[in-house]
Amino acid sequence: MRVPKLVLLFAILIPASSLGNSPFPLAVAKRPFTMPKNAFESKIKFNNSSVGIISTDYGITNDFQIGISWGGVASQNLKPDRSISLNVGYYALTTPYSFTMLSMSMPFYMEKDPVRNVSFAAPTVFTIIPSTLGIMAFYNDLVALKWSKNKVEADFAVPFQLYWQPTEQLYLNVSTEIARLNTAGNHSHIAQTTPLNFGALFAATDSIDVMGSFEFSELQDPTKVSLMLGMAFRGGRLNG
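Since this is a predicted model, take the numbers as computed values, not measurements.

Student: Explain the overall build of the chain to me, please; I cannot follow it from the model alone.
Tutor: Of regular secondary structure, the chain possesses zero helices and 17 strands. A globule of 240 residues ought to have a C-alpha radius of gyration of about 18 Å, and the chain, at 18 Å, matches this closely. Each of the 240 residues in the chain was classed as buried or not, and the buried ones make up 37%. Taking as baseline every contact in the chain between residues at least 6 positions apart, the subset at least 24 positions apart corresponds to 48%. Each charge sign in the chain was given a centre, from 18 positive and 16 negative side chains, and these centres are 4 Å apart.

Student: I would appreciate a short explanation of the nonpolar core in the present structure.
Tutor: The nonpolar side chains of soluble globular proteins are, as a tendency, buried together. Residues Phe33, Val125, Met136, Tyr163, Tyr171, Leu201 and Met211 are the most contacted members of the largest nonpolar core, which totals 16 residues. For this core, the elements supplying multiple residues, two or more each, are strand S7 (98-109), strand S15 (196-203) and strand S17 (225-236).

Student: Teacher, can you tell me more about a nonpolar patch on the surface here?
Tutor: On the surface, Ile128, Ile129, Val158, Phe160, Leu162, Ile178 and Ile190 cluster together to form a nonpolar patch covering roughly 520 Å² of accessible area. For the nonpolar patch, the secondary-structure elements that each account for two or more residues are strand S9 (124-129) and strand S12 (152-164). Considering each element in turn, the nonpolar patch owes the most residues, three residues, to S12. Tracing the sequence through the fold places phenylalanine 160 in strand S12.

Student: So what exactly am I meant to see when it comes to the packing of aromatic side chains here?
Tutor: To describe a pair of aromatic rings, you give the distance between the ring centres and the angle between the ring planes. If you walk through the whole model with that rule in mind, you get four aromatic pairs. Relative to tyrosine 91, the ring of phenylalanine 33 has its centre 5.9 Å away and its plane inclined at 85°; by these criteria the two rings are edge-to-face. In this pair, phenylalanine 33 sits in the segment before strand S1 (39-47) while tyrosine 91 sits in strand S6 (residues 83-94), placing the two residues 58 residues apart along the sequence. Look at phenylalanine 33 and you get buried, because its relative accessible area is 16%. With 6.4 Å between their ring centres and 55° between their planes, tyrosine 91 and phenylalanine 99 make a pair best called tilted. Three or more aromatic residues joined by ring pairs make a cluster, and in this case those are Phe33, Tyr91 and Phe99. We note arginine 116 situated over the ring of tyrosine 109; from NZ or CZ to the ring centre the distance is 3.9 Å.

Reading guide: rules and limits
Residues numbered from 1 in each chain as written. Predicted model: local features only at pLDDT ≥ 70, side-chain atom pairs only at ≥ 80, totals over all residues. Heavy atoms only, no water. Helix = DSSP H or I, 4+ residues; strand = E, 2+ residues; numbered from the N terminus. Rg over C-alpha atoms; globule rule 2.2 N^0.38 Å. Buried < 20%, exposed > 50% of the residue type's maximum accessible area, 1.4 Å probe, protein only. Contact = heavy atoms within 4.5 Å. Lys, Arg positive; Asp, Glu negative; His and termini not counted. Charge placed at Lys NZ, Arg CZ, Asp CG, Glu CD. Core = buried A, V, L, I, M, F, W, Y, C linked by side-chain atoms within 4.5 Å. Patch = residues over 30% accessible without salt bridge, like charges linked within 9 Å, V, L, I, M, F, W, Y side chains within 5 Å. Areas by Shrake-Rupley, 256 points an atom, 1.4 Å probe, with all protein chains shown as cover. Salt bridge = Lys/Arg side-chain N within 4 Å of Asp/Glu carboxyl O. Phe/Tyr/Trp six-rings, centres within 6.5 Å; stacked < 30°, edge-to-face > 60°. Lys NZ or Arg CZ within 6 Å of the ring centre and 35° of its normal.

Next up, the structure:
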């Protein structure tokens, strides 16, 4: 994510594609949201509940990527996830003060009713200190729709993340969810349910990352803890 100085003023828009020809940055805070044209990134993750969670994204252009993901195998009963998700991302706009990507994820289930939900987000970065400290908002299922024969239900989430790039290779973040609204009336806010996630990523090279996280799904119940470890691999035309 390329993250210049945050100023809450109207700014002239710069096409994101004009920034896509430089070498792929080692520092996460300097990376674009989407993979460069003809480059790919694949990830594998392991957590408390699932092993072998995999995903891959491929840059169609410098601003548009498409990918797929799979939820792996449940660690308790060894049952594989019975859905594969199609993920699309478009690097929508760049200003001197913020960057935004539009994204969509739609799982396809290997059973009856193969398409039953879809989610949308608009991950946006605001900088506090250029390439070092900033805020991300509007990511991770900002709007999630699910439907059946009888009804359509929607969730609206308000996630928030603070990130820090202390060195060129180390990236740290802490995130939570301010509130979640539901069309069926199942609302919650941070004072009722306080999720908290601590994440870290070490960029070994511009092609390999090692990542991990420590998450409380509810601080009100500290026994609900999830650990995640993973790696990312990149290849193709990373340098444009």
